[in-house]
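What the coordinates show
Here are the chains, one letter per residue:
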There are 2 protein chains.
Amino acid sequence: MVTIIFRSRLRPEHVEQYKEVAEKIDALVRITPGLIAYKTFDAADGEHVTLAEFDTLENARVWGENVEHLEAQRLGRERFYSEYRVQVCETLRAYNFADGRRTTDVKR
Amino acid sequence: MVTIIFRSRLRPEHVEQYKEVAEKIDALVRITPGLIAYKTFDAADGEHVTLAEFDTLENARVWGENVEHLEAQRLGRERFYSEYRVQVCETLRAYNFADGRRTTDVKR
């Protein structure tokens, strides 16, 4: 399993256009082959993080090189983000806790 | 580089005790050998994610097995969390964008 950690800070300009593009990208990633989960979280200081989980590195790469996604990335650099960081990560192990029980679902 | 992704949902009870323990853990992790960064983000639906970055898997493991941290984990299961997920991830690649420029700082 591969997780893309995308941390970002938005510039104050172009917020409406950003929302439009973000909605389009959100809809697009959800029909991308191999996507397991996609969710955004916000920090108290205004930084955002989106976690995108894919089944394989190859499918994560296909998403990274999707033509509409590349165009959104370009707009992101030119207009939306003051800074960002993309980390491509391989999950070595994963543990869950729910309903009072612990389980392991990834173990390499 | 190793990133621990800790996603959680809090139960409504024991919030004061949770805050106390979380502050202690926050102070403790910051003096743990090998810690690069530690930050918590919140989703609109109430889920939280903490990203803890370590230089090596060994140092991440030492943190996972720290005695005070183990005690906090036990309290977490018994009192604080309705559910959580821990992913231990290795960073394969990382890209940054800031001041209009792209840089790469991890490439495996």
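Whatever comes next refers back to the structure up there.
Residues numbered from 1 in each chain as written. Chains lettered and ligands numbered in written order. Predicted model: local features only at pLDDT ≥ 70, side-chain atom pairs only at ≥ 80, totals over all residues.

Residues and elements named next belong to chain B. Note that strand β1 (residues 2-10) and strand β3 (residues 48-54) share seven bridges and pair antiparallel. By the bridge assignment, I5 is partnered in β3 with L51. In terms of strand pairing, β1 meets strand β4 (residues 81-98) through nine bridges, oriented antiparallel. Counted as the bridge partner of I4 is V88 from β4. (Pairing = 2+ DSSP bridges. Helix = DSSP H or I, 4+ residues; strand = E, 2+ residues; numbered from the N terminus.)

What follows covers the nonpolar core. Soluble globular proteins: nonpolar side chains tend toward being buried together. Ranked by internal contacts, the top residues of the largest apolar core, which has 26 residues, are A:V2, A:V49, A:L51, B:V2, B:V49 and B:L51. Elements that contribute at least two residues to this core include exactly β1 (2-10), β3 (48-54) and β4 (81-98) of chain A together with β1, β3 and β4 of chain B. Not counting chain neighbours up to four residues away, the residues in contact with B:V49 comprise A:F41, A:V49, A:L51, B:I5, B:F6, B:R7 and B:F41. (Core = buried A, V, L, I, M, F, W, Y, C linked by C-beta atoms within 7 Å. Buried ≥ 20, exposed ≤ 12 C-beta atoms within 10 Å, placed from the backbone. Contact = placed C-beta atoms within 7 Å.)

With 27 residues of chain B in contact, the opposing surface of chain A contributes 27 residues. For the side of chain B that touches chain A, the secondary structure elements donating two or more residues are β1, β2 (35-42), β3 and β4 of chain B. Here the side of chain B that touches chain A gets 17 residues from one element, more than from any other, and that element is β4(B). Residue composition of the side of chain B that touches chain A, by class: 15 nonpolar, five polar and seven charged. (Nonpolar A, V, L, I, M, F, W, Y, C, P; charged D, E, K, R; others polar.)

Its rotation angle being 180 degrees, the transformation that places chain B on chain A also includes 0.0 Å of axial translation and leaves an RMSD of 0.0 Å. Taken together, the rotation and translation describe the operation of a two-fold axis. Both copies contact each other with a shared surface, as 100% of the interface residues of chain B are interface residues in chain A too. (Least-squares fit on C-alpha atoms with pLDDT ≥ 70 in both.)

It is worth stressing that arrangement in space is one thing and function is another; only the former is reported here.
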